Amino acid sequence: INTLTIIASAELPSNPIGPAKGLTILLAAAVGFVLAACESYLLEYLDDTLKSSDDVERLFSAPIIGHIFQQGDGKNEENRLYDADDLRHPIAEAFRALRTNIEISQADRTLKTILVTSADIGDGKTSVAANLAMSIAQRDKEVILLDVDLRRPNIHKFFEMSNDQGLVDLISGRVALSDVLRFKNDKKVAVLTSGGTPINPTELLSSKKMSELLSKLEEIADVVILDGPPCFIPDTMLLASRVDGVLLVVSPGHTRRSLAKASLEHIKLVGARVIGVVLNRIPLRGADY
């Protein structure tokens, strides 16, 4: 027979018994912090972009000669000519600093032809080429801006020109240079747009007529700036071997490290001279002065 014996009577608790909320919140916060830290390290590991000037300096042997800022979200500033719109704009000052650094780099060799290219798509090379041409022209120099990005031409958009005729038509012999070399009344740069999109842009740019055209433009202008395609396009290497210097545009947080490294190797392969690297679309914080 089972027998139950009462040892002591149960007492009512003075405080309610329940989960320890403070400890639970503390543990949840700790777990959340650990997960967030792991995610940050994972994203950092998977992110293959160049993030700072230090990353660029470690990767390239060429100096950083330009820091071009980005105002706002950059969407409304994409096709703007800063020297033409506002001479005192901070970004206009940045392009004048780039111009000065290029002039300093000419101590041992004159730069008559400059190819502006980028490591990746969307780094803003066309904006750099157009604004640099405007800035150099302020030195009372004759500047010709040539659009040699025959796959995705954009120079005509900056100067609000039509692109019905241009470089392709000139090399093909359908028009004369005076027919396609255009000036804007309020601009100081002669612009040669790309014209129609050819079926074989690489063959066209490597032709003898293209070399003759570059030589002719060097005779009639102080500086010829070429807005070329990104470095991974074969056209760029052909052009790089024919100009006096190459200006490489890099956008921190956007340009992929692998493409930047490959671009540098391709430029060295053809023996081209890299003038320097331009960091483009840097946040404008603290640059008002």
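Right, let's walk through the structure included here. Source: prediction; values computed, not measured.

## Some points on the environment of Leu 214
Part 1 of the reasoning: The residue Leu 214 is located in helix H10 (residues 208–220) in this model.
Part 2 of the reasoning: Once residues lying within four places of it in the same chain are set aside, the contact partners of Leu 214 are Leu 146, Leu 226 and Arg 242.

## Here we look at the nonpolar core
Part 1 of the reasoning: Counting 45 residues, the largest nonpolar core has Phe 60, Leu 146, Val 148, Leu 167, Met 210, Leu 213 and Leu 226 as the members making the most contacts within it.
Part 2 of the reasoning: Excluding its chain neighbours within four sequence positions, the residues that come into contact with Val 148 are Leu 115, Leu 167, Leu 205, Met 210, Leu 226, Asp 227, Gly 228, Pro 229 and Leu 239.
Part 3 of the reasoning: Of all hydrophobic cores here, the second largest spans 35 residues; its members include Leu 111, Ile 155, Val 189 and Val 223.

## Focus on the packing of helix H4 (residues 90–104) against helix H5 (residues 125–137)
Part 1 of the reasoning: Two elements in contact, H4 and H5, have axes whose closest approach is 9 Å; the angle formed by their N-to-C orientations is 75°. If you check the angle between H4 and H5, you find them roughly perpendicular. Here H4 contributes Phe 95, Arg 96, Leu 98, Arg 99 and Ile 102 to the contact with H5, which in turn contributes Ser 127, Val 128, Asn 131, Leu 132, Ser 135 and Ile 136.
Part 2 of the reasoning: Classifying every residue of the contact of H4 with H5 by side-chain character gives six nonpolar, three polar and two charged.

## Observations concerning the pattern of salt bridges
Part 1 of the reasoning: Taken as a whole, this structure holds six salt bridges when the rule is applied.
Part 2 of the reasoning: Ionic pairing is found between Asp 227 and Lys 125, a salt bridge with its closest N-O pair at 3.1 Å. One end of the pair, Asp 227, is in strand E5 (residues 223–227); the other, Lys 125, is in helix H5, with 102 residues separating them in the sequence.
Part 3 of the reasoning: Exposure remark for Asp 227: the relative accessible area of 0% places this residue in the buried category.

## Concerning the pairing of strand E2 (residues 113–118)
Part 1 of the reasoning: For E2, the tally of buried residues reaches six of six residues, placing the bulk of the element in the interior.
Part 2 of the reasoning: Neither face of E2 is left uncovered, since the one carrying Thr 113, Leu 115 and Thr 117 and the one carrying Ile 114, Val 116 and Ser 118 both have all their residues buried.
Part 3 of the reasoning: Bridge count for E2 against E5 is four bridges, and the pairing is parallel. Directly across from Thr 113, in E5, lies its bridge partner Val 224.
Part 4 of the reasoning: For E2 and strand E6 (residues 245–250), the ladder comprises five bridges, and the chain directions are parallel. Following the sheet pairing, Thr 117 is matched in E6 by Leu 248.

## So, helix H12 (residues 257–269)
Part 1 of the reasoning: With 13 residues, H12 extends 18 Å between its outermost C-alpha atoms, agreeing within 8% with the 18 Å of an ideal straight helix rising 1.5 Å per residue.
Part 2 of the reasoning: Of the positions making up H12, those classed as buried are Leu 259, Ala 260, Ser 263, Leu 264 and Ile 267. Angularly, the buried residues of H12 cover 140° about the axis, an arc narrow enough to put them on a single face. Facing away from the buried surface of H12 by more than 90 degrees, the exposed residues are Lys 268 and Leu 269.

## What about the layout of surface pockets?
Part 1 of the reasoning: The space that makes up the largest pocket amounts to roughly 430 Å³.
Part 2 of the reasoning: Lining the largest pocket are 22 residues, and of these Ile 121, Gly 122, Thr 126, Arg 152 and Asn 154 lie nearest its centre.
Part 3 of the reasoning: The set of elements that each furnish at least two residues to the lining of the largest pocket consists of H5 and helix H6 (155–158).
Part 4 of the reasoning: It is H5 that contributes the most residues to the lining of the largest pocket, three residues altogether.
Part 5 of the reasoning: Taken together, the residues of the lining of the largest pocket break down into six nonpolar, seven polar and nine charged.

## A word on a nonpolar patch on the surface
Part 1 of the reasoning: Together, Leu 23, Leu 26 and Leu 27 make up a nonpolar patch on the protein surface, roughly 320 Å² of accessible area in all.
Part 2 of the reasoning: Note that Leu 26 resides in helix H1 (residues 21–46).
Part 3 of the reasoning: Judged by its relative accessible area of 58%, Leu 26 falls in the exposed class.

## What about the environment of Asp 123?
Part 1 of the reasoning: Counting through the fold element by element, Asp 123 comes out in the loop between E2 and H5.
Part 2 of the reasoning: Sequence-wise, Asp 123 and Val 249 are 126 residues apart; in three dimensions their C-alpha atoms are separated by 6.6 Å.
Part 3 of the reasoning: Residue contacts for Asp 123: discarding those within four places in its chain leaves Ser 118, Val 249, Ser 251, His 254, Thr 255, Asn 280 and Arg 281.

Conventions we followed
Residues numbered from 1 in each chain as written. Predicted model: local features only at pLDDT ≥ 70, side-chain atom pairs only at ≥ 80, totals over all residues. Heavy atoms only, no water. Helix = DSSP H or I, 4+ residues; strand = E, 2+ residues; numbered from the N terminus. Contact = heavy atoms within 4.5 Å. Core = buried A, V, L, I, M, F, W, Y, C linked by side-chain atoms within 4.5 Å. Buried < 20%, exposed > 50% of the residue type's maximum accessible area, 1.4 Å probe, protein only. Axes fitted to C-alpha atoms, helices over the stretch in contact; angles between N-to-C directions. Parallel < 35°, antiparallel > 145°, perpendicular 65-115°, else oblique. Nonpolar A, V, L, I, M, F, W, Y, C, P; charged D, E, K, R; others polar. Salt bridge = Lys/Arg side-chain N within 4 Å of Asp/Glu carboxyl O. Pairing = 2+ DSSP bridges. Expected span 1.5 Å × (residues − 1). Arc of directions from axis to C-beta. 1 Å grid on protein atoms, 1.4 Å probe; cavity = no way out; pocket = protein on both sides within 12 Å on 5 of 7 lines; lining within 4 Å. Points joined across faces, edges and corners; volume = space filled by probe spheres on them. Patch = residues over 30% accessible without salt bridge, like charges linked within 9 Å, V, L, I, M, F, W, Y side chains within 5 Å. Areas by Shrake-Rupley, 256 points an atom, 1.4 Å probe, with all protein chains shown as cover.

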